[in-house]
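What follows is each chain in one-letter form.
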Amino acid sequence: MLHTVEDADTLEKVDQVLVQLLLELQSEPSLRFVLDEVHKQLSNQHSLKGFLPTFSFLGNLVEAVPDVAHSLLTQYVPMLDHLCSALLYPDEALKASGLYVWIKLFGTAGGSAAQSLPVAIRDRVCVLLLQTLANASSPQLINNCVGLLWLLVQLGEAVSVLMNSPSNLMTCSENQNSRTNNSQSLSQNEEQQSPDHCPLPLILKKLLLSGDETLQTTSAKCIASVLVHSPSQCSTPFIKADVPEFLFDRLASSSSEMLLWSVYSCLVLLTEDPLFFSQCHSVYGIESLVRSLTEALRLTNLEVPKQGLLLLTEILERQPPTARLFPSGPGFVAVSEAIVAGVSSTCLLVATQAANAAAALFRLNHQSRPVQYREIERLIEALTNKFPELLLPSSAHSRGSGRKRSDSSSQTSRSEGFLLQALVCFQAACRLAEECASDPLLKENAFTAPSKRGDAQDSLESLCQCLLRCCDSVWIPTVIMMCGRAHSAQMLQYFYSTLSYQFTLLPSLMPAFANKLASSGFFRLALEHKGLFCAGNRNPNLNASSCGFLQKLSICLLSQSDPAFGSYQHDVKEVENLLLHNLPSLCFRLSDWPSLLREDPGLQLCEYKGPRATQYCLLIMLHLALQHGDRLLPDQTAFSSVVWLLHSVQEQGGCALPRSVLRSALYLLAVTQDNSPDLDGAPFNCVSKALSSCQNFSSLYFHHPALLHFICRYPELAEKFGPLVLELWLTKRTEHTDADQTMADIQEKKGSCAVERQDQETDNETMELLTLIEKYPRVILTLMDMVCTREAPLAGQALGVLEVLLRGQREYETELCTSLRPVLLQALQRLSVENMDPVFGPGHTAQAVNSLPLVLKLLCVTQARDAPSTPSYSETAGEQFKLLYHVSNIAGRLKPANTESLLPALSYLYCCLSLPPAHCTDRAVSMLLSNSGLMDQLQTVLSSSSSSSSSAPSVSPSACPPSALLCCSHLLLSSLITLQRVHSAQVQKSISWSLDTAVQRLLVQKRNTDDLLLVSYLRLLQALLDVDLTSAVVCLRAGPGLLGPRPLGVEDGALYPLGSRGAQCLSTALSGLLLQVKHELLLRASINCLSSLLGFLQRKSPATAKYVACQPWSGFLLSCLLSSGESCLLHPAILRAVTLLLQHGGTKVMWEPGVLQVIEAVERKGLKELSEEAAHALRLLLTQIQSDVLQPPPTEEHKQRARSMMESLDLQTSAESRSPGLPGGVLYPST
């Protein structure tokens, strides 16, 4: 029926029935009978025209019963010849049916049946297939040819035959029968055939041009399969046939997952041949590839974009530098956007491949003109933003179920792979930035459009900042976390290389970056990784990258910690050579370092190489790590190892330690000394000799308190190097402000509060010196010598330290004053000799001008801190008198405009008169009053003040003395007036002073006058009133404003030169100060002056005194004071004011509510809560109450309350009674 029936439907049913029947019978005889019959028919027929149904049946039978294929290949080989002959028949339907049989034969059992096929028949099938496919026109025939070709190209032997088939077989189909069995001739042609003329590439290219996507896909798969078997031999024919061009065209026109993947795979294999690039196929297809990648990344099958990114990577890596892929910006932007999309993929494998492509893209020859720095920056940011999605190694991942643990392990492995590739990419970006920085055209981007030249974000600097920012904030923590749990030498290699690049890209930001790295333990980290991975010459690339990082980090830190280090070019070169030649061999665990430092290296032939140089390198590493808080070795171990090394070097002789190494050794000794034993004997001599070997000790200096303590700890070192170290500490203290804000920032943010806090708080470096002095008091003499002999800036720094010391360290007062006075006396004597000019004019040296105020200020501080009660005060009375003598002479010879020296001089004189006991002031006041130069100086200051406060507008402000100088003059003059009366001292020259000016200042100008200056006016008026305005020291002047018209009346004459009007004005001014002033000193001075005024009036004119006390203004004052609140009511000054008004005008003070209000306030607060001064003032008030001055008198109950309070006060003991006068702690006010 297969031969006689022509109806297609009937034939199909016959075919199905036969196949089904044989399949159900499963009888080998039945199968053999059928095959025999088919073979007999093929052999007996001269034409194969009617065998189409038979071939179809045979193909279906092979598919249904696989054993039939084995029988055909082994027992019916002649039948296979007939199947080959069918391919020579002109009927394409017959050819298609014959090919159908071959497809089933080669596809049976996974292609294993083809292994049994005779070689000659297989080769003949290959040749006939190419011939058939080259001339096929019907779709069925083409599809069957392509199907068989796909099966054949998976066999290596068949690929060789297909690629070496003669091209003349494809020209025509004539004389086909004559070449049917010509296998020997075929073999010879294969040997002679050139691969350049292979027909297979042309056939497959033709299929790529077809409109059938299935054929295109199969064609691409066939190309890939051929190339896989023999890429070096087979790629050239395909490239010369322009197959890559057609493959790229398919990428641009298709979105099929299978086709895209197949084309990507073909092109990846073709890129292995240099001919692919030399014929510019990559340049032709890069745009199509980028466009297809954009589409592929949207597909669900992530293997497609992964393969596409692999192709892009291969092209970027293999592309010759002479042919640019992206000559302009848009092309680079497009590929950059595609890679960014790949990095952002949810699949880590795709993201990893995208990172690989980005690394290849970051080559200099791929950069467009102008360079697209912003796009490179976006790529880096995309990689950085991917890090939070990574699953880093963790101990928690090792727990859980088996499948869960396996999935987690796989995800972790992918994360590690991505991170490694990202590091490679980051390193490539850093290398690209460095290359662009070395090329002026690329650095400035000279080809940038004028409209974009101002874009700071698209610049090399912006890219470098982005690299540093991402590295610092994300990459470093991520890599450290990853490597802390899963060490990877390759990952660490790229990591340290990336860190090294940062020091080249942004040198200006490296000091802060290097500090952060060092303080985060990167010295320990890199050295431990070297010891772990690089010992025994393992991982040389990691060793090289970590050494490069350590070298750059070290040089940066050394230059930063000591700015002078950079000025010593020899030292820089020395350290660089030491690190360069010895860091690679420093691959030991930290536990082995002590033994390395104690080894005897023997003879050292090279200064920068060998075991000794390795020891020097160790010292530098220990120094830099310790400087940033990382103790690589225990303190005691480091200390002893350094001492041993110094001893070993000296024993061996030869060259001394390099200066940089000696500096590191000194740092280690100083910083680790607290936890180490003291040096003595040979170890100390060894250290001393090593330090003395350096000709310039300042080159060894480092700004650290430990150096101060180390040098001062040993007297011999302190004698040799102590002054120089202290000088360097004081001069360089302002240079080390790395972690602090600048003064401008402080003032901008915190304003005057910061300045006040700076005045009140001692800076840390001064506190370090105070701590040093506490342990080693002999440092004081060194500082004192600086004050007296060095230039002003350094002397001022030393003076500031001594001032803080004397004001705060009370336990050193006696010792300090005793040791400082002889030095100060010598300094004053020297200044007096060097400056013979009576007015200290321009003829004296600049050093003397600068040191004089410093010495005088220090004298003031010393005098203020040395209390009169101390035994040393009386023992040094002679020295103090000499000091007073020299200071008074100097003060008299100074120019009035030299306030810098005159102010502390007058302050010291006032201290000398105010602080010593009474029996010690007679000589002092006599000497001062006999010094006409001093009195002239005081007259000049006071006269300048009087003229400036008068109505003369012509006086310039520069001619007015500073308020501090005027204040000191008033205070000194007040002491001279008081003590002159006490000791009846002779006065050679009086001072003229205007009483009108003082009263006017207090009455009218008090709001525009400094509080301390008002205090000094009041103190001087108090002293004058206490001596009844009559003193040989001061000649008072008074105008009609105080005395009224002449002739003077009896009352004005008695009160001359104040007069009754002046008394009332002064009383009013003092009352106003009591009501308005909140300044403590001014309040006390006002009440003291009021007491002296009322006492003066009482002595000279009792009626006037009573009038002043009883006038309405006084009543208003009393009412205001009593209603000022309990806290103010019990103030000592307020209690004294009530007492004075009660004493001089008792009728105005009533028991109720006045005195009773005070009594009740005291009872509520309690006597024990009162200050000593308030208790004394209350006692005076109660005493005055008991003198029966109150009208009407208090009741017996009230009297009893007052008596009980007085008895309680008498029982309450006081540690000491405070004087109501001006405290002696005021030295000289600040201007």
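The written sequence of each chain sets the order in which its residues are numbered from 1. Reporting in this predicted model follows two pLDDT cut-offs: at least 70 for local features of residues, and 80 or more for side-chain atom pairs to be given and counted; totals over whole chains, interfaces and linings ignore these cut-offs and use all residues. Side-chain calculation: all heavy atoms of the structure are included, whereas hydrogens and water are not.

Asker: Which residues make up the pattern of salt bridges, and what are the values?
Answerer: By salt bridge we mean one thing: a side-chain nitrogen of Lys or Arg within 4 Å of a carboxyl oxygen of Asp or Glu. For the structure on display, the rule yields 21 salt bridges. Asp-472 is paired through a salt bridge with Lys-516; the nearest N and O atoms lie 3.0 Å apart. A residue pair is termed long-range when its members are at least 10 positions apart, and Asp-472 in helix H24 (residues 460–485) and Lys-516 in helix H26 (residues 510–519) qualify at 44 residues. Under the relative-accessibility criterion, Asp-472 is labelled partly exposed at 26%. Exposure classes here rest on a 1.4 Å probe applied to the protein chains alone. A residue is buried below 20% of its type maximum, exposed above 50%, and partly exposed in between. What makes Lys-516 partly exposed here is its relative accessible area of 43%. Its salt-bridge partner being Arg-1099, residue Asp-1028 comes within 2.7 Å of it at the nearest N-O pair. With Asp-1028 in the loop between helix H51 (1011–1026) and strand E2 (1034–1037) and Arg-1099 in helix H55 (residues 1080–1100), the pair connects residues that are 71 residues apart, well separated along the chain. One salt-bridge network, held together by shared partners, links Arg-374, Glu-377, Glu-381 and Arg-469. Runs of H or I in DSSP of at least four residues are treated as helices and runs of E of at least two as strands, each being numbered from the N terminus.

Asker: Tell me what's going on with the packing of aromatic side chains, and back it up with residues and numbers.
Answerer: Ring pairs shown here join Phe, Tyr and Trp side chains whose ring centres sit within 6.5 Å, with only the six-membered ring taken for Trp; geometry is labelled stacked below 30 degrees between planes, edge-to-face above 60, and tilted in between. According to the stated counting rule, one finds 18 aromatic pairs in the structure shown. With a centroid separation of 6.3 Å and an interplanar angle of 40°, the aromatic rings of Phe-495 and Phe-522 are classed as tilted. A residue pair is termed long-range when its members are at least 10 positions apart, and Phe-495 in helix H25 (residues 489–505) and Phe-522 in helix H27 (residues 522–533) qualify at 27 residues. Given the relative accessible area of 3%, Phe-495 is considered buried.

Asker: Please provide a residue-by-residue account of the environment of Ser-1031, values included.
Answerer: On the secondary structure map, Ser-1031 appears in the loop between H51 and E2. Looking at Ser-1031, the relative accessible area reads 14%, which means it is buried. In sequence terms Ser-1031 and Arg-981 are 50 residues apart; their C-alpha atoms lie 7.6 Å from each other. Other than its neighbours up to four places away in sequence, Ser-1031 contacts Ile-977 and Gln-980. Nitrogen and oxygen atoms within 3.5 Å of one another constitute a polar contact, given that in protein one can donate a hydrogen and the other can accept it, and given that sequence-neighbouring residues count only through two side-chain atoms. For Ser-1031, the side chain forms a polar contact with the main-chain nitrogen of Val-1033, separated by 3.1 Å. By definition in these notes, contact holds between two residues if any of their heavy atoms fall within 4.5 Å.

Asker: Lay out the packing of helix H6 (residues 92–107) against helix H7 (residues 119–135) with the relevant residues and their values.
Answerer: Only the contacting stretch of a helix is used when fitting its axis, a line to C-alpha atoms as for every element, and angles between N-to-C directions run 0 to 180 degrees. Their axes nearest at 12 Å, the elements H6 and H7 cross at an angle of 140°. Taken as axis vectors, H6 and H7 run oblique relative to one another. Viewed along their axes, H6 and H7 form a crossing whose handedness is left-handed. Contacts between H6 and H7 involve Glu-92, Lys-95, Leu-99, Trp-102 and Phe-106 on the former and, on the latter, Ile-121, Val-125, Leu-129, Thr-132 and Asn-135. Amino acids are sorted into nonpolar (Ala, Val, Leu, Ile, Met, Phe, Trp, Tyr, Cys and Pro), charged (Asp, Glu, Lys and Arg) and polar (every other residue, Gly among them). Along the lines of polarity and charge, the residues of the contact of H6 with H7 split into six nonpolar, two polar and two charged. Oblique is the label for any angle not under 35 degrees, not over 145, and not in the 65 to 115 range, which are roughly parallel, roughly antiparallel and roughly perpendicular in turn. Left-handed is the label given to a crossing in which the near helix is rotated counterclockwise from the far helix by less than a right angle, and right-handed is the label when the rotation is clockwise.

Asker: Requested: an account of helix H49 (residues 963–983), with residues and values cited.
Answerer: Multiplying 1.5 Å by the helix residue count minus one yields the expected span of that helix. Its 21 residues place the ends of H49 30 Å apart at the C-alpha level, agreeing with the 30 Å of an ideal helix rising 1.5 Å per residue. Counting buried residues along H49, 16 of its 21 residues qualify, which places the element largely inside the surrounding structure. Once H49 finishes, Ser-984 follows within two positions and takes phi at roughly 50°, a positive value.

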